[in-house]
Amino acid sequence: MKSVRVGVVGVGSMGERHCRVLQSLRGVELAGIYDRCPERALEVAARYETIPFPTLEDLAARVEAAIVATPTPTHTEIALELIERGVAVLIEKPMATSVVEAMAICEAARRHGVPVQVGHIERFNPVYIELKAILETMHPISLIFRRLSPYAVSNRDADVILDLMIHDLDLAIDLIGAGPTRIYPIGRPVFSDAMDYAVLTMEFPGGEVATLFASRVTEQKIRAIEITAAEAYIEADLLNKGITIYRYTIPTFTNDSQPVKYRQEGWMERIGIPMAEPLALELQHFVDCVRSGQPPAVSALDGLRAIQLAERIRLLLYSGPIPAIRLDRIPAPAGARP
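Keep in mind it's a predicted model, so treat the numbers as computed, not measured. (Residues numbered from 1 in each chain as written. Predicted model: local features only at pLDDT ≥ 70, side-chain atom pairs only at ≥ 80, totals over all residues. Heavy atoms only, no water.)

Student: How should the pattern of salt bridges be read in this particular structure?
Tutor: Two side chains with opposite charge may pair up if their charged atoms get near one another. Throughout the structure, instances matching the rule amount to 23 salt bridges. The partner of Arg20 in a salt bridge is Glu277, with the nearest N and O atoms 2.8 Å apart. Of this pair, Arg20 sits in helix 1 (residues 13-24) while Glu277 sits in the loop between strand 15 (266-271) and helix 8 (278-292); the two residues are 257 residues apart in sequence, bridging distant segments of the chain. Of the charged contacts, one joins Glu43 and Arg40 as a salt bridge, the two residues approaching to 3.4 Å between their closest N and O atoms. With Glu43 and Arg40 both in helix 2 (residues 38-47) and 3 residues apart, the pair spans about one turn of that helix. (Salt bridge = Lys/Arg side-chain N within 4 Å of Asp/Glu carboxyl O. Helix = DSSP H or I, 4+ residues; strand = E, 2+ residues; numbered from the N terminus.)

Structure representation (structure tokens):
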């Protein structure tokens, strides 16, 4: 099997993780890296035994595919240049900073026939893959997503919507299979001028309700999904790799001559999760798509949908609070005492 030549653009902490995983994948050659800081590029290239290219153009000429792991505001410029040179691209989330930029990437990918995958890595989390399979036979009523992190380790290039909530916007749409019909966001800045904490409630066409909590001011790191379905209640821990299902049943065991001997009101089921690194699964899928020509599971259109929803949420959050109704001005019911 011929190896796919892959490059990495941007070798900060996330970009270096890509280098580490790419070097270990079957059928992959880490063909080079590019970073706007030459010293950093030399350091990482030496660590992973690859080539530090002086320009993006030089890298593009030597690879079939590239990972864009640069700061979010630079994603569009870099992705467009790579796509126009015929290089398949995996763009770290968020795909872009605006709907206009995301649409430009989608259009360029369509025009040049180049595969583009968006790095919504939670789609490749073994817990999420198992959760999605479990829900195939259930009817969700409500979904709660909690994605909480300390401020010290957060991405300062974007607010909490684009940094953290964007993951769960994508997961909610993927699980329900449709976009929301109504959204109700609320948030506040804490340690920056941007939103650092946000809560979002969404209504979906089938009546499902999803509530998303995103925080980068919480000292404990949490990545969790809780689902109430008609058939069961499910807790999924994306970070610690576990799923627990709670079902309600009342089996009763008796015989003809004795009273009830045993009664069970419910039972709990813990699901075993296969051990796999989500980033490795994501990158292997990307490389397989480049080799086979199959469309990625998380396409540029998926990235665009998440950005469209995030932009609408941010518009509502940053346009200012809706004035509350003053209770002393609500007319009293007829006959009520003052």
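That was the structure; now back to the text.
Student: Explanation requested: the packing of helix 6 (residues 126-135) against helix 7 (residues 160-176) in the structure shown.
Tutor: Geometry of a packed helix pair, given as the angle between the helix axes and the separation of the axes. For the pair helix 6 and helix 7, interaxial distance at closest approach is 10 Å and the crossing angle is 30°. Regarding the angle of helix 6 to helix 7, the classification is roughly parallel. Where helix 6 crosses over helix 7, the two elements pack in a sense that is right-handed. Of the residues in helix 7, those touching helix 6 at Tyr128, Lys132 and Leu135 are Leu171, Asp174 and Leu175. In terms of residue class, the contact of helix 6 with helix 7 is built from 4 nonpolar, no polar and 2 charged. (Axes fitted to C-alpha atoms, helices over the stretch in contact; angles between N-to-C directions. Parallel < 35°, antiparallel > 145°, perpendicular 65-115°, else oblique. Left-handed = near helix turned anticlockwise from the far one by under 90°. Contact = heavy atoms within 4.5 Å. Nonpolar A, V, L, I, M, F, W, Y, C, P; charged D, E, K, R; others polar.)

Student: Can you help me understand the sheet that holds strand 3 (residues 65-68) in this one?
Tutor: The strands that make up a sheet pair up through hydrogen bonds in the backbone, lying either parallel or antiparallel. Pairing is parallel in the open sheet, where 5 strands are placed in the order 2-1-3-4-5. Strands with a single pairing partner mark the edges of an open sheet, and in this sheet they are strand 2 (28-34) and strand 5 (116-119). When strand polarity is set aside, the average angle formed by the axes of neighbouring strands in this sheet is 20°. Pairing analysis gives 4 bridges linking strand 1 (residues 4-9) to strand 3, with the strands arranged parallel. In the sheet register, Val8 faces strand 3, and the bridge partner there is Ile67. Strands strand 1, strand 2, strand 3, strand 4 (88-92) and strand 5 of the sheet are contacted by helix 8, whose axis makes an angle of about 155° with strand 4. (Pairing = 2+ DSSP bridges.)

Student: In this structure, what is going on with the pairing of strand 1? I would like to understand it.
Tutor: Every regular strand shows the same layout, with side chains that alternate between the two sheet faces. Within strand 1, 5 of the 6 residues are buried, which leaves it mostly tucked inside the rest of the structure. Looking at chain direction, strand 1 and strand 2 are connected through 6 bridges and run parallel. From the neighbouring strand, Val8 faces strand 2, where its bridge partner is Ile33. Crossover strand 1 to strand 2 through helix 1 is right-handed. (Buried < 20%, exposed > 50% of the residue type's maximum accessible area, 1.4 Å probe, protein only. Right-handed = clockwise from strand over helix to strand, strands pointing away.)

Student: Help me out: how do you make sense of the packing of aromatic side chains in this one?
Tutor: Two aromatic rings are characterised by how far apart their centres lie and by the angle between their planes. As enumerated under the stated definition, the model contains 2 aromatic pairs in all. Centroid distance Tyr233 to Tyr246: 5.9 Å. Interplanar angle 35°. Geometry classified as tilted. Taken together, the positions of Tyr233 in strand 11 (residues 233-237) and Tyr246 in strand 12 (residues 242-248) put the pair 13 residues apart, joining distant regions of the chain. Under the relative-accessibility criterion, Tyr246 is labelled partly exposed at 31%. (Phe/Tyr/Trp six-rings, centres within 6.5 Å; stacked < 30°, edge-to-face > 60°.)

Student: Could you clarify how one ought to interpret helix 7 in this entry?
Tutor: Because an α-helix packs 3.6 residues into every turn, residues spaced three or four apart end up facing the same way. An ideal rise of 1.5 Å per residue puts 24 Å on 17 residues; helix 7 measures up with 23 Å between its terminal C-alpha atoms. Residue Asp159 occupies the N-cap position of helix 7, its side-chain oxygen lying 3.1 Å from the main-chain nitrogen of Ile161. Gly177 sits one or two positions beyond helix 7 and adopts a positive phi of about 80°. (Expected span 1.5 Å × (residues − 1). Polar contact = N/O pair within 3.5 Å; in protein donor to acceptor, adjacent residues only side chain to side chain.)

Student: Help me out: how do you make sense of the nonpolar core in this one?
Tutor: Nonpolar side chains tend toward joint burial in soluble globular proteins. Core analysis: the biggest nonpolar cluster contains 104 residues, and Leu82, Met202 and Ile243 have the highest contact counts within it. Top element by residues in this core is helix 7. It accounts for 12 residues. Setting aside chain neighbours within four positions, we find Leu82 in contact with Val9, Leu56, Ala60, Ala66, Val68, Val87 and Val89. (Core = buried A, V, L, I, M, F, W, Y, C linked by side-chain atoms within 4.5 Å.)

Student: So what exactly am I meant to see when it comes to unusual backbone geometry here?
Tutor: Note the cis peptide between Lys93 and Pro94, where omega equals -10°. Secondary-structure assignment places Pro94 in the loop between strand 4 and helix 5 (99-112). Residue Glu49 is not a glycine yet carries a positive backbone phi of 55°. Within the secondary structure, Glu49 sits in the loop between helix 2 and helix 3 (56-60). Look at Glu49 and you get exposed, because its relative accessible area is 73%.

Student: Sorry if this is basic, but what is going on with the packing of helix 5 against helix 9 (residues 300-318) here?
Tutor: Interhelical geometry of helix 5 versus helix 9 gives an angle of 170° and a closest axis separation of 9 Å. Classified by the angle their axes make, helix 5 and helix 9 are roughly antiparallel. Taking contact as the criterion, the partners of Val99, Ala102, Met103 and Cys106 in helix 5 are, on helix 9, Ala300, Leu301, Leu304, Ile307, Gln308 and Glu311. Split into classes, the residues belonging to the contact of helix 5 with helix 9 amount to 8 nonpolar, 1 polar and 1 charged.

Student: Is there a simple way to explain a nonpolar patch on the surface in this structure?
Tutor: Residues Val190, Phe191 and Tyr197 make up a contiguous nonpolar surface patch of about 260 Å² in total accessible area. Mapped onto the fold, Val190 is located in the loop between strand 7 (182-188) and strand 8 (197-203). (Patch = residues over 30% accessible without salt bridge, like charges linked within 9 Å, V, L, I, M, F, W, Y side chains within 5 Å. Areas by Shrake-Rupley, 256 points an atom, 1.4 Å probe, with all protein chains shown as cover.)

Student: Please clarify how helix 5 should be interpreted in this entry.
Tutor: Taking 1.5 Å as the rise per residue, helix 5 with 14 residues should run 20 Å; its terminal C-alpha atoms sit 20 Å apart, in good agreement. For helix 5, the full list of buried residues reads Val99, Ala102, Ile105, Cys106, Ala108 and Ala109. Its buried side turned inward, helix 5 meets helix 4 (75-84), strand 4, strand 5 and helix 9. Remark: Gly113 follows helix 5 within two positions and exhibits a positive phi of approximately 65°.

Spatial relationships are all this shows, so hold off on functional conclusions.
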